[in-house]
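# Structural characterization, general
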Amino acid sequence: MRIGELARATGTKAETIRYYEREGILPAADRTDSNYRDYSTEHLQMLSFVRRARGLGFNMAQVRELLALSDHDEKPCQDVDHLVRQQLADVEQRMTDLASLRDELSQMLRSCDADKIGECRIVESLARPIEL
């Protein structure tokens, strides 16, 4: 299949596919006689894997590691488990951080009942120095 077909099948932009090839995430596609990239079902499966991993928040280094691990069917799964546990811990930390951010923004809104910017508690709180 050509790059446009692969892009549509996976919801990936063609430039992203080319980037993944340059970075070694996807193997280079064969070329047709007219020099078009010719992607296989293996490319489709691998790109779907990458898209799903990226959608779950794994960074490129982790995706590389997951791809490398996926090539060894007989190895124990603990290395994959470890990566997923790390990612889960990162997601939970971000959720905690976002909940704190939500609470702070909600408090800012509750504290402001001014009609004019000069009396606005939100602007005032944003202007306060950051405590180190």
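Our subject is the structure listed above.
What counts, and at which threshold
Residues numbered from 1 in each chain as written. Predicted model: local features only at pLDDT ≥ 70, side-chain atom pairs only at ≥ 80, totals over all residues. Heavy atoms only, no water. Helix = DSSP H or I, 4+ residues; strand = E, 2+ residues; numbered from the N terminus. Rg over C-alpha atoms; globule rule 2.2 N^0.38 Å. Axes fitted to C-alpha atoms, helices over the stretch in contact; angles between N-to-C directions. Parallel < 35°, antiparallel > 145°, perpendicular 65-115°, else oblique. Contact = heavy atoms within 4.5 Å. Left-handed = near helix turned anticlockwise from the far one by under 90°. Nonpolar A, V, L, I, M, F, W, Y, C, P; charged D, E, K, R; others polar. Core = buried A, V, L, I, M, F, W, Y, C linked by side-chain atoms within 4.5 Å. Buried < 20%, exposed > 50% of the residue type's maximum accessible area, 1.4 Å probe, protein only. Patch = residues over 30% accessible without salt bridge, like charges linked within 9 Å, V, L, I, M, F, W, Y side chains within 5 Å. Areas by Shrake-Rupley, 256 points an atom, 1.4 Å probe, with all protein chains shown as cover. Salt bridge = Lys/Arg side-chain N within 4 Å of Asp/Glu carboxyl O. Lys, Arg positive; Asp, Glu negative; His and termini not counted. Charge placed at Lys NZ, Arg CZ, Asp CG, Glu CD. Phe/Tyr/Trp six-rings, centres within 6.5 Å; stacked < 30°, edge-to-face > 60°. Lys NZ or Arg CZ within 6 Å of the ring centre and 35° of its normal.

## Notes on the overall build of the protein chain
- Looking only at helices and strands, one finds 6 helices and 2 strands in the protein chain.
- For the protein chain, the succession of helices and strands along the chain, N to C, is α-α-β-β-α-α-α-α.
- Its C-alpha atoms give the protein chain a radius of gyration of 23 Å, more than 25% over the compact-globule value 14 Å for 132 residues.
- Dimensions of the protein chain, computed from the C-alpha atoms along their principal axes, are close to 70 × 40 × 25 Å.

## Topic: the packing of helix 1 (residues 3–10) against helix 2 (residues 14–22)
- At a minimum axis distance of 9 Å, the contact between helix 1 and helix 2 shows a crossing angle of 105°. It follows from the interaxial angle that helix 1 and helix 2 lie roughly perpendicular. Contacts between helix 1 and helix 2 involve Ile3, Leu6 and Ala7 from the first element and Ala14, Ile17 and Arg18 from the second.

## What to know about unusual backbone geometry
- If you check the backbone angles, Asn35 has positive phi at about 70° while not being a glycine.
- Note that Asn35 resides in the loop between strand 1 (30–31) and strand 2 (37–38).

## Structural notes on the packing of helix 1 against helix 3 (residues 41–55)
- The interhelical angle for the contact between helix 1 and helix 3, taken along N-to-C directions, is 45°, at an axis separation of 10 Å. Between helix 1 and helix 3, the angle is such that the two are oblique. The chirality of how helix 1 crosses helix 3 is right-handed. Contacts between helix 1 and helix 3 involve Leu6, Ala9 and Thr10 from the first element and His43, Leu44, Leu47, Ser48 and Arg51 from the second.
- Of the residues that constitute the contact of helix 1 with helix 3, the class distribution is 4 nonpolar, 3 polar and 1 charged.

## Some words on the side chain of Gln62
- Its location among the elements puts Gln62 in helix 4 (residues 60–70).
- In this view, Gln62 contacts Gly57, Leu83 and Gln87; residues no more than four positions away in its chain are not counted.

## Some remarks on the nonpolar core
- Core analysis: the largest hydrophobic core is formed by 20 residues, its most contacted members being Ile17 and Tyr20.
- Only helix 1, helix 2, helix 3 and helix 4 provide two or more residues apiece to this core.
- Per-element tally for this core: the top contributor is helix 4, with 5 residues.
- Filtering out sequence-adjacent residues up to four positions away, Tyr20 remains in contact with Ile25, Leu26, Leu47, Val50, Arg54 and Met60.

## A few points about the environment of Ile117
- Along the chain, Ile117 turns up in the loop between helix 5 (78–111) and helix 6 (121–127).
- Sequence-wise, Ile117 and Gly11 are 106 residues apart; in three dimensions their C-alpha atoms are separated by 44 Å.

## Some points on a negative patch on the surface
- A cluster of acidic residues, Glu42, Asp71, Asp73 and Glu74, forms a negative patch on the protein surface.
- Note on placement: Asp71 falls in the loop between helix 4 and helix 5.
- In this structure Asp71 comes out as exposed when scored by relative accessible area, which is 60%.

## Some points on the packing of aromatic side chains
- Taken as a whole, this structure holds 1 aromatic pair when the rule is applied.
- Ring geometry for Tyr19 and Tyr20: centres 5.9 Å apart, planes at 50°, overall tilted.
- For Tyr19, a relative accessible area of 34% gives the class partly exposed.
- Positioned above the aromatic ring of Tyr36, the side-chain terminus of Arg2 is 4.1 Å from the ring centre.

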